[in-house]
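The residues making up each chain are set out below.
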Protein chains: 2
Amino acid sequence: MHSNPTRITRLQKRLKRKKIDALLVTEPYNRRYLSGYTASDNGIAETAGVLLIPASGAPYLLTDSRFVLQAEEEAQGYTISLYPKGLSTLLKKLLPELGISSLGFESQYMLHATALKMQDNLAQIGVDFIACTELIERMRLVKTEEEIRLLKKSVLRNEQVFQLVYNTIEPGMTEREIALAIELTMHELGAERPSFETIVAFGTNAAKPHAVPTDRVLKTGDIVLVDMGLVLEGYCSDMTRTFVAGKPDATYVDRVRVVRRAQKEATDTIRAGVTCKEVDRTARRIIEEAGYGEYFGHALGHGVGLAVHENPRLSSRSRKQLKAGMIVTVEPGIYLPEWGGIRLENMVVVHEDGAETLNEDTTGLDL
Amino acid sequence: MHSNPTRITRLQKRLKRKKIDALLVTEPYNRRYLSGYTASDNGIAETAGVLLIPASGAPYLLTDSRFVLQAEEEAQGYTISLYPKGLSTLLKKLLPELGISSLGFESQYMLHATALKMQDNLAQIGVDFIACTELIERMRLVKTEEEIRLLKKSVLRNEQVFQLVYNTIEPGMTEREIALAIELTMHELGAERPSFETIVAFGTNAAKPHAVPTDRVLKTGDIVLVDMGLVLEGYCSDMTRTFVAGKPDATYVDRVRVVRRAQKEATDTIRAGVTCKEVDRTARRIIEEAGYGEYFGHALGHGVGLAVHENPRLSSRSRKQLKAGMIVTVEPGIYLPEWGGIRLENMVVVHEDGAETLNEDTTGLDL
């Protein structure tokens, strides 16, 4: 991915409309989206750099000496400036030089304490520090064809990893062993990293939607739930498969069919113009009618892109309408603490007239 | 790690002094420190739960259905409450029940946008939402004997991983292969996870202090810089070793001796009462006198505990005094873009009368 002049121009138009002289971009995916700079932050308090995008003129990447070589290599078209004495000190020098007297910041990705401190610092030089929200996230909602191609590639690579590891799973293995084999195979097949901590859960552990892999040993007849994703060329995949080690019993078969039907019918509902809550409602109604309503405690899905969890959210509370080019997961589940859990998750792209599932293995492994 | 009544009592005393009815704990390490709850957040915007610690009475862990089983298992002594309709909705019900009319929040670990939204929401029920800063971080600065024991264990396990992988390194391997072997060995030796993304950098890549492993192939005579750490029972290690594949030349030998001397003399300066900047100064002076001052662009070290980067910072700007029981890294380095880099990093515990290096391999691998 390279820096993207079109994206910068679109953002600059928005800044001019809002009468903000520049935007400070702190959110790491937004930073990558606009600049092509791929460095990772170590949590929100340790940034690998921020962008300063003036409403007109060339953009800046502000970072420290640890990252300067990588920044120069990757952020084409950006001026790289260093802040050996901290970001505020650099801004107090740079903003007056650039004639910037109002600076927007990403309120959704700056710590409250940091924002207050910077507001004070910038007030000293007469610069207004203005809370903005999700300006760039809104640009990221609808994917370009190139982004859809990369997301599909990430999905298929993820399926390939799953298939390789799935073929080796047998009783006696632990959740941690399988999770580790998955993450190792991701690396071997060229992924940058997992897009989230891989979930492998056996039996009753599968009742925790965010289970952390343990040393629990797989026994014949156990449910196996695997939720995994990887990052390839910056873009995330996210997929869940549930199956049984050995022959599933009638209860499992009944329940997996409910989840499968919820997933299929919800996917069939998706097209541009439909609200998120309608899609969630479709899946939830099927699960409720089967008597498992109280065991489906999370939203139906979420957007995926540079971040593994983006907008839109397919939740019962979201009245937002889907648009063509959005990519969302569809992942209904039922979780019974004494028994186990089943979740099936695919990624789909929204078109004007329907949904296209990016996964090629659309059926899961189920009955 | 279990929930810790002593820590809760200490925090409650602080809340009473500040006349705050309760504190909302959002920072994940603080959450684990007080509750023993080990769930990971997926970035700051996706929490696995927050603590509500009233100034008197029993504490609460607020989470969602995905985490309820883990929360119940781990957070002993906590009442678990779920927020199916979001945290604000739960707080608007719970705070009046508990008679809480002022609620502190961790300004250093809440997003600006989130804090503003919650402030509005809580104002509707007459609750003041009050920015607090690093109340619990300050409690975490000085480690207990038990914590020092766990940190030492993490350091030694990390050295063991390094030694196993070091023995296999040979020309032809890539940075990524070695980094992956390290992370795999960490898992095999029982680590929860790496404490940060492992750095393996050959030759000129070693001039980037935060290099990301690439497919660059190791050649005889290359510098190899490895910066690695793991999490064991919640506690982090962090260590850097630099060596040469084959026989080092005279330039390398000169430079590594400078870095080694900077590390040794800075460590010798450490004891309770010394300021952080004095320790940084000692190392920086040696590097400057050798003519590499401009090539040492980062601070000398940082605290380590539940987080891999904590206070205190051994930086040229910190006037804070070290206290007995603090644990810091000592990691001088020199980085020359055309040549490569050298960094040596150990972890040391501050005592009243000196420093104790936790690493057993204190020499690195160098000449």
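Predicted, not measured: the structure shown is a model, and the values here were computed from it.

Many analyses report the size of an interface as the accessible area lost when the parts associate. All names here are of chain A. For chain A, the assigned domains are domain 1 (5-140) and domain 2 (145-357). At the interface, six residues of domain 1 touch 10 residues of domain 2. Taking both sides of the interface into account, the surface hidden between domain 1 and domain 2 amounts to around 650 Å²; carbon and sulfur atoms contribute 41%. The largest contributions to the domain 1 side of the interface with domain 2 come from Tyr29, Arg32 and Arg140, which together make up 72% of the buried area. Here domain 1 and domain 2 share two salt bridges between them. For Arg32, the salt bridge goes to Glu192, with nearest N and O atoms at 3.3 Å. Applying the counting rule to domain 1 against domain 2 returns two residue pairs in polar contact (both at pLDDT 80 or more). Among the elements that take part in the side of domain 1 that touches domain 2, helix 2 (residues 28-35) stands out by supplying three residues, more than any other. For the side of domain 1 that touches domain 2, the per-class residue count stands at two nonpolar, no polar and four charged.

As a further point, take the side chain of Thr267(B). All names here are of chain B. When you line up the elements, Thr267 lands in helix 9 (residues 250-269). Polar contacts involving the side chain of Thr267 include one to the main-chain carbonyl oxygen of Gln263, which spans 2.7 Å. The residues contacting Thr267, other than those within four sequence positions of it, are Val330, Val348, Ala355 and Thr357.

This part covers the sheet that holds strand 4 (residues 79-82) of chain A. Residue and element names in this part refer to chain A. If you walk across this open sheet you meet the six strands as 4-3-2-1-5-6, and the pairing is mixed. Looking at strand neighbours, the two that pair on one side only are strand 4 and strand 6 (128-132), the edges of this open sheet. Shown here is a sheet whose adjacent strand axes are inclined to one another by a mean of 25 degrees, direction ignored. Judged from the five bridges that link them, strand 5 (residues 102-106) and strand 6 form a sheet pairing that is parallel.

Turning our eyes to something else, we now look at helix 4 (residues 87-98) of chain A. Residue and element names in this part refer to chain A. Between its terminal C-alpha atoms helix 4 stretches 16 Å, which fits the 16 Å expected from 12 residues at 1.5 Å a residue. When we look at burial in helix 4, the residues that qualify are Leu87, Ser88, Leu90, Leu91, Leu94 and Leu95. For helix 4, the angular spread of buried residues about the axis comes to 145 degrees, placing them on one side. Exposed and oriented more than 90 degrees from the buried face of helix 4 are Lys93 and Glu97. The inward-facing, buried residues of helix 4 contact strand 1 (22-25), strand 2 (50-54), strand 3 (60-63), strand 4, strand 5 and helix 5 (112-123). Gly99, located one to two residues past helix 4, shows a positive phi value of around 70 degrees.

Here we come to the pairing of strand 1 of chain A. All names here are of chain A. Burial along strand 1 is two-sided: Ala22 and Leu24 and Leu23 and Val25, pointing in opposite directions, are all buried. Here three bridges tie strand 1 to strand 5, and the two strands are oriented parallel to one another. Each residue of the ladder has a partner; that of Leu24, found in strand 5, is Phe105. Pairing of strand 1 with strand 2 involves four bridges; the strand directions are antiparallel. Bridge assignment links Leu24 to a residue of strand 2, and that residue is Leu52.

Laying chain B over chain A is done by rotating through 180 degrees and shifting 0.0 Å along the axis; what remains is an RMSD of 0.0 Å. Expressed as a symmetry operation, the mapping of one chain copy onto the other fits a two-fold axis. Of the residues that chain B buries at the interface, 100% are likewise interface residues in chain A, meaning the two copies contact each other through the same surface.

Here we take up a positive patch on the surface. All names here are of chain A. There is a patch of like positive charges on the surface, built from Lys13, Lys16, Arg17, Lys18, Arg138 and Lys320. When residues in the positive patch are grouped by element, the largest group, four residues, is from helix 1 (residues 5-18). Relative to the elements of secondary structure, Arg17 occurs in helix 1.

Here the focus is the interface of chain B and chain A. On the side of chain A, 42 residues touch chain B, which itself brings 42 residues to the contact. Both faces combined, the contact of chain B with chain A buries some 3500 Å², and carbon together with sulfur accounts for 59% of it. Taken together, the links from chain B to chain A amount to two salt bridges. A salt bridge links Lys208(A) to Glu73(B), with the shortest nitrogen-to-oxygen separation between them at 3.5 Å. If you look at where chain B meets chain A, you find 14 residue pairs in polar contact (both at pLDDT 80 or more).

Rules used in this analysis
Residues numbered from 1 in each chain as written. Chains lettered and ligands numbered in written order. Predicted model: local features only at pLDDT ≥ 70, side-chain atom pairs only at ≥ 80, totals over all residues. Heavy atoms only, no water. Domains from an automatic or database assignment. Contact = heavy atoms within 4.5 Å. Buried area = accessible area lost by both parts, 1.4 Å probe. Salt bridge = Lys/Arg side-chain N within 4 Å of Asp/Glu carboxyl O. Polar contact = N/O pair within 3.5 Å; in protein donor to acceptor, adjacent residues only side chain to side chain. Helix = DSSP H or I, 4+ residues; strand = E, 2+ residues; numbered from the N terminus. Nonpolar A, V, L, I, M, F, W, Y, C, P; charged D, E, K, R; others polar. Pairing = 2+ DSSP bridges. Axes fitted to C-alpha atoms, helices over the stretch in contact; angles between N-to-C directions. Expected span 1.5 Å × (residues − 1). Buried < 20%, exposed > 50% of the residue type's maximum accessible area, 1.4 Å probe, protein only. Arc of directions from axis to C-beta. Least-squares fit on C-alpha atoms with pLDDT ≥ 70 in both. Patch = residues over 30% accessible without salt bridge, like charges linked within 9 Å, V, L, I, M, F, W, Y side chains within 5 Å. Areas by Shrake-Rupley, 256 points an atom, 1.4 Å probe, with all protein chains shown as cover. Lys, Arg positive; Asp, Glu negative; His and termini not counted. Charge placed at Lys NZ, Arg CZ, Asp CG, Glu CD.

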